[in-house]
Amino acid sequence: MKNARLILTLVVLVATCAFESRAQTKVQSTDGTFPPWTKKTGARTAPKGKRTCSANSLGAKADGSTKSTDAIQRAIDQCSKAGGGVVSFEKGEYVTGALFLKHNVDMRVSEGVTLLGSQDDADYPRAPTRVAGIEMPWPSALINVNDAKNVRISGGGTIDGRGKKWWDKYWALRREYEPKGLRWASDYDAERVRLMVISRSSDVTVENVSLKRSGFWTVQILYSDHVTIDGVKISDNGGPSTDGVDIDSSTYVLVQNCDIDNNDDDICLKAGRDFDGLRVGRPTEYVFIRDNLIRRGGGIISFGSETSGGIRHVAALNNRGVGTKEGIRFKSAKTRGGYVEDVLVRGLKMENVPLPFTFTLNWNPSYSYATIPTGMKDVPPYWTVMNTPVLPIEKGYCLFRNIRIENVEIVGADRIFTAAGLPDKAIQNVEFSNIIAEGKDAGLIEHAVDWSMKNVKIRTENGENVRVSNSRNVETPIVNKKLPGR
């Protein structure tokens, strides 16, 4: 009897070692079989002008206290008018308000240089933009690339938004608004300053810079095409809604080699919200996300919740998440509409990510559904826009379909699968293959159709399989119980 137990123990140990060995070697993917369009993503050109425009020679002070906005802007304007070139800084700290980059300018924030966001609201003039899916006036960002071509921000230095002022403003407003039923309005009325916005622009590169303490979203790519975000480090974003990189109704975008640590979605694809987003109707498409390290945050790669204009043709290769709240995250609401389709995720490692795969079509109702309290007068115009109903009701249901996730390693998860479609809108045609996962629970799938799982192997504490309900043709993984102490 003892020999039999010993043999059984050895067999289990060998199987466990083989499981872990495969998990360690699984991610060997290349992009050789990726869609051809991935090679067309990112900026096609970069500034080549040899002229150097010194911000210091025009009056910028590297003392960490003198406001240098005007001097830096003069350097940018002169450089662009001269046909392009480099805007340079001597080492030190520069306080600045909103800056507006122009054609053919490379703003070189070199190592040892820090741009510090001004704490004066007047230094961020209001202008038309889109925020969280709604077109509306809003304070300018610290760094703005508006209607420009062939622009680069580079150099190895730091851009620090000093955003705590706006984080505190948001929390104070939210405490005031929530008892009034206005949770949904807090994000819009707080008017927090974004760190960088690239809007209606082409061939823009942001590379080798550190971005920190954004007042709101860190990098927003809006209505733009052929943008590269490469080797950017995002950190110290402890405030609410400090997303890392938001790709918003934009095309041919490349995000690679970044190190992102923040307090909300890390890399997020968006395309407008509800009635207003459906009116604009611009998709996010042809996006390539590769070789990024994601730390804290709401999702390694998130789709939505702003899905109204549609999100499609997205590829992700060899990314890694460590301690992120969620992994691959699909989220929309019953008034968003639009679609998320033709998504390929290959070669992903997740370590201590509680929820590796999440799908929801009824995300965060207190934020997602706007209702103006009865009797409230003199409301802002965008409140009215946000309360314009999407009709017929079915137009508000987002379609998730044609999603492939393959070659993934997961350790330290809580629940592997969390998926909930709607009774009238199932999540369709999701393919998982070559997944090795370890977590507490296999999870649940509801209102889904045509899900396949090929070589998907999971170890959980209870050894129970995924709970599937109200679904059709949904395969489940191979689930084994973890050994005690492992």
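Up top is the structure.
Residues numbered from 1 in each chain as written. Predicted model: local features only at pLDDT ≥ 70, side-chain atom pairs only at ≥ 80, totals over all residues. Heavy atoms only, no water.

Regarding the overall build of the protein chain
When its secondary structure is counted, the protein chain shows seven helices and 35 strands. For the protein chain, the C-alpha radius of gyration of 24 Å lies close to 23 Å, the compact-globule estimate for 486 residues. Across its three principal axes, the protein chain shows a C-alpha extent of roughly 85 × 55 × 40 Å. Counting all 486 residues of the protein chain, 58% fall into the buried class. (Helix = DSSP H or I, 4+ residues; strand = E, 2+ residues; numbered from the N terminus. Rg over C-alpha atoms; globule rule 2.2 N^0.38 Å. Buried < 20%, exposed > 50% of the residue type's maximum accessible area, 1.4 Å probe, protein only.)

Some details on the pairing of strand β4 (residues 92-96)
Judged by how many residues are buried, β4 sits mostly within the fold: four of five residues are covered. Sheet analysis places β4 next to strand β7 (residues 113-117), joined by five bridges and oriented parallel. Its bridge partner lying in β7, Val-95 is registered against Leu-116. (Pairing = 2+ DSSP bridges.)

Quick notes on the packing of aromatic side chains
Across all of its chains, the model carries 18 aromatic pairs by this definition. An angle of 40° between the planes, with centres 5.9 Å apart, marks the rings of Trp-138 and Phe-216 as tilted. Placement of Trp-138 in strand β9 (residues 134-139) and of Phe-216 in the loop between β15 (210-212) and β16 (219-222) is noted, with a sequence separation of 78 residues between them. Comparing Trp-138 with Phe-216 shows no difference in burial state: the two are buried. Relative to Trp-383, the ring of Trp-184 has its centre 5.2 Å away and its plane inclined at 65°; by these criteria the two rings are edge-to-face. Here Trp-184, found in helix α4 (residues 183-189), pairs with Trp-383, found in helix α7 (residues 381-386); they are 199 residues apart in sequence, far enough to count as distant. For the pair Trp-184 and Trp-383, one class covers both residues: buried. Grouping aromatic residues by their ring pairs yields a cluster made of Phe-303, Phe-330, Phe-357, Phe-359, Phe-400, Phe-417, Phe-432 and Trp-451. We note Arg-273 situated over the ring of Tyr-367; from NZ or CZ to the ring centre the distance is 4.9 Å. Lying across the ring of Trp-363, Lys-331 places its NZ or CZ 4.3 Å from the centre. (Phe/Tyr/Trp six-rings, centres within 6.5 Å; stacked < 30°, edge-to-face > 60°. Lys NZ or Arg CZ within 6 Å of the ring centre and 35° of its normal.)

Comments concerning the environment of Val-474
Structurally, Val-474 is set in strand β34 (residues 472-474). Considered as a pair, Val-474 and Ser-249 are 225 residues apart in the sequence and their alpha carbons are 32 Å apart. Leaving out residues up to four positions away in the same chain, Val-474 has contacts with Ile-445, Ala-448, Val-449, Asp-450, Trp-451 and Val-468. (Contact = heavy atoms within 4.5 Å.)

Some details on unusual backbone geometry
Geometrically, the link from Gly-304 to Ser-305 is a cis peptide bond, its omega value of 5° lying close to zero. Turning to its location among the elements, Ser-305 is positioned in the loop between β25 (299-303) and β26 (311-322). Cis peptide bonds are those with omega within 30 degrees of zero, and the linkage from Leu-391 to Pro-392 qualifies with -5°. Tracing the backbone shows Pro-392 in the loop between α7 and β30 (399-420). Positive phi is not limited to glycine here, since Tyr-252 has a value of about 55°. Along the chain, the position of Tyr-252 falls in strand β20 (residues 251-256). Even without being glycine, Asn-429 reaches a positive phi, approximately 55°.

Some details on the pattern of salt bridges
The full count for this structure, using the stated rule, is 37 salt bridges. Note that Asp-106 is salt-bridged to Arg-108, the shortest N-O span being 3.0 Å. Asp-106 gets classed as buried once you look at its relative accessible area, which sits at 1%. Accessibility expressed as a relative area gives 29% for Arg-108, which makes it partly exposed. (Salt bridge = Lys/Arg side-chain N within 4 Å of Asp/Glu carboxyl O.)

A closer look at the layout of surface pockets
Reported here for the largest pocket is a volume of approximately 530 Å³. Forming the boundary of the largest pocket are 25 residues, of which Arg-183, Ser-241, Asp-264, Trp-363 and Asn-364 lie nearest the centre. Elements supplying a minimum of two residues to the lining of the largest pocket: α3 (164-177), α4, β22 (265-270) and β27 (326-331). Within the lining of the largest pocket, the residues separate by chemical class into eight nonpolar, five polar and twelve charged. (1 Å grid on protein atoms, 1.4 Å probe; cavity = no way out; pocket = protein on both sides within 12 Å on 5 of 7 lines; lining within 4 Å. Points joined across faces, edges and corners; volume = space filled by probe spheres on them. Nonpolar A, V, L, I, M, F, W, Y, C, P; charged D, E, K, R; others polar.)

Points about empty space enclosed by the protein
One pass over the full model with this rule turns up one cavity of 30 Å³ or more. The computed volume of the largest cavity comes to approximately 40 Å³. Along its surface, the largest cavity is lined by Tyr-124, Leu-142, Gly-161, Trp-166, Val-193, Arg-194, Leu-195, Ser-214 and Gly-215. Residue classes in the lining of the largest cavity are distributed as five nonpolar, three polar and one charged.

So, the side chain of Asp-106
Its location among the elements puts Asp-106 in strand β6 (residues 105-108). For Asp-106, the contacting residues outside a window of four places in its chain are Pro-47, Gly-85, Val-86, Val-87, Arg-152, Ile-153 and Ser-154.

A few points about the environment of Ser-80
Its location among the elements puts Ser-80 in helix α2 (residues 69-81). On the accessibility criterion, Ser-80 (16% relative accessible area) is buried. Sequence separation between Ser-80 and Asp-450 is 370 residues, and the spatial gap between their C-alpha atoms is 54 Å. Excluding residues within four positions of it along the chain, Ser-80 makes contact with Lys-102, His-103 and Val-105.

A closer look at α3
Each full turn of the α-helix corresponds to 3.6 residues, which orients residues three or four apart in the same direction. Between its first and last C-alpha atoms α3 spans 20 Å; for 14 residues at 1.5 Å apiece the expected length is 20 Å, and the two agree. Where the residues of α3 are buried, they touch α4 and α7. (Expected span 1.5 Å × (residues − 1).)

Description of the nonpolar core
Judged by nonpolar contacts, the single largest core of 98 residues is most densely connected at Met-107, Phe-357, Phe-359, Phe-432 and Trp-451. Here this core gets nine residues from one element, more than from any other, and that element is β30. Discounting residues that sit within four places of it in the chain, Phe-359 has contacts with Phe-330, Phe-400, Ile-403, Thr-418, Ala-419, Ala-420, Ile-427, Val-430, Phe-432 and Trp-451. Counting residues in hydrophobic clusters, the runner-up holds 21 residues, among them Ile-134, Leu-182, Ala-190 and Ala-370. (Core = buried A, V, L, I, M, F, W, Y, C linked by side-chain atoms within 4.5 Å.)

Let's talk about the pairing of β30
Of the strand pairs in this sheet, strand β28 (residues 339-351) and β30 are connected by eleven bridges, and their pairing is parallel. For Lys-349, the partnering residue across the bridge sits in β30 and is Glu-409. Here strand β29 (residues 355-360) pairs with β30 via four bridges, running parallel. Each bridged residue has a counterpart across the sheet, and for Phe-359 the counterpart in β30 is Ala-419.

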